[in-house]
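Here's the letter readout for the chains.
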Amino acid sequence: MESTALLIGFIVMSIGSLAIYATGSKASAIRHHTQIHALVPFIAATAYLAMYLGTFVMDRGDGVTLYVPRYGDWIFTTPLLLSSLVALALHEHPRQGGYVVAIVGLDALMILTGLLSAMSLDGSTRLVWFLWSCAAFTGVYFMLWGPLRERSSSYGGALSEVYRKNAMQLSVVWLIYPVVFAVGPEGLGIISSAASVWAILILDIIAKVVYGFTAGERLKKAEPELSKREERRLA
Ligand code: RET
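Residues numbered from 1 in each chain as written. Predicted model: local features only at pLDDT ≥ 70, side-chain atom pairs only at ≥ 80, totals over all residues. Heavy atoms only, no water.

Participant: An account of the nonpolar core is needed here, citing residue identities and associated values.
Facilitator: Ranked by internal contacts, the top residues of the largest apolar core, which has 58 residues, are Ile103, Leu144, Leu148, Tyr163, Leu170, Trp174 and Leu226. Mapped onto this core, the elements with two or more residues apiece are helix H1 (2–23), helix H2 (31–53), strand E2 (65–67), helix H3 (68–89), helix H4 (97–119), helix H5 (123–145), helix H7 (157–183) and helix H8 (193–234). Element by element, the count of residues in this core is highest for H8, at 12 residues. When residues no more than four places from it in sequence are discounted, the contact partners of Trp174 are Thr78, Leu81, Leu82, Asp107, Phe137, Tyr141 and Ala207. (Core = buried A, V, L, I, M, F, W, Y, C linked by side-chain atoms within 4.5 Å. Buried < 20%, exposed > 50% of the residue type's maximum accessible area, 1.4 Å probe, protein only. Helix = DSSP H or I, 4+ residues; strand = E, 2+ residues; numbered from the N terminus. Contact = heavy atoms within 4.5 Å.)

Participant: Before we move on, could you go through empty space enclosed by the protein and cite the residues and values that matter?
Facilitator: To find leftover empty space, one rolls a probe the size of a water molecule over the atoms. Counted according to the given criterion, the structure contains two cavities of 30 Å³ or more. Here the largest cavity is characterised by a volume of approximately 320 Å³. For the largest cavity, the lining is made up of 19 residues, of which Trp74, Met110, Ile111, Tyr177 and Pro178 are closest to its centre. When contributions to the lining of the largest cavity are tallied by element, the ones reaching two or more residues are H3, H4, H5, H7 and H8. Per-element tally for the lining of the largest cavity: the top contributor is H3, with five residues. Across the lining of the largest cavity, the residue classes tally to 13 nonpolar, four polar and two charged. (1 Å grid on protein atoms, 1.4 Å probe; cavity = no way out; pocket = protein on both sides within 12 Å on 5 of 7 lines; lining within 4 Å. Points joined across faces, edges and corners; volume = space filled by probe spheres on them. Nonpolar A, V, L, I, M, F, W, Y, C, P; charged D, E, K, R; others polar.)

Participant: Which residues make up the packing of aromatic side chains, and what values go with them?
Facilitator: According to the stated counting rule, one finds four aromatic pairs in the structure shown. Geometrically, the ring pair formed by Tyr71 and Trp74 is edge-to-face, given 5.4 Å between the ring centres and 65° between the ring planes. Of the two residues, Tyr71 and Trp74 both sit in helix H3, three residues apart, roughly one turn of that helix. The two residues Tyr71 and Trp74 agree in class, both being buried. Consider the rings of Phe130 and Phe181, whose centres lie 5.8 Å apart with planes at 10°: the pair is stacked. Here Phe181 lies in helix H7 and Phe130 lies in helix H5, a separation of 51 residues in the sequence. (Phe/Tyr/Trp six-rings, centres within 6.5 Å; stacked < 30°, edge-to-face > 60°.)

Participant: So what's going on with the pattern of salt bridges? Which residues, and what values?
Facilitator: Within this structure, the stated rule accounts for seven salt bridges. The residue Lys208 makes a salt bridge to Asp204 at a minimum N-O spacing of 3.2 Å. Of this pair, Lys208 and Asp204 both sit in helix H8, separated by four residues, roughly a single helical turn. Each of the two residues, Lys208 as well as Asp204, counts as buried. Here Glu217 makes a salt bridge to Lys220, at a shortest N to O gap of 3.1 Å. Residue Glu217 and its partner Lys220 are both found in helix H8; the two are separated by three residues, about one turn of the helix. Several salt bridges share partner residues, and in doing so they unite Asp73, Asp204 and Lys208 into one network. (Salt bridge = Lys/Arg side-chain N within 4 Å of Asp/Glu carboxyl O.)

Dropping the structure here:
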């Protein structure tokens, strides 16, 4: 059951990566987004291959299966997806480093403490790490909808609209991950291990492949405006 889902994950992510790169814009103002959006499913394909082969798939000690490559995937892919949004929000603002470090730092802590929660055998320890991970997650949302949204709005026009739409799509999909985790075997154990693997596969396809395409299409439409701004800045 699980192995079918893992194999599908490997195939969909590999093809998705190539397709996002092939169809994405290579215009200088936005090609970095295409490169990032294509790299994300390639990393996921690697993780799904590892999980399919059983590499770093282990028993927690109480019969619950831990899929460690999943966290290895997320620790690289979620910062990449966020960096693309930060780069968009701060298109022409100098000194973006602080924003990238803050949001990536919070995001990495969210994934690491999520792994600690999944690894914990004791129920209350698991809950504490889960809540701490949610606190970091709240910080990520705060950055996206507070300072970054404000910066992107200061440009107005297509740029701020693409930021708002991409950030909204990402925020809605990402919110479902902790819910699946909480009801899955690593959390409360309400749904089976197989159901949780399938649910995360669907989420991963939406958050990486579908997002890569739709975010890329929105960027393509805004490309003339973004290029014009870039030309003006370089002039
Ligand atoms: C965990 C468990 C603990 C609480 C929280 C979590 C959030 C995970 C998220 C994962 C997103 C992954 C994506 C991958 C695709 O590229 C670690 C499940 C808050 C938000 C979008």
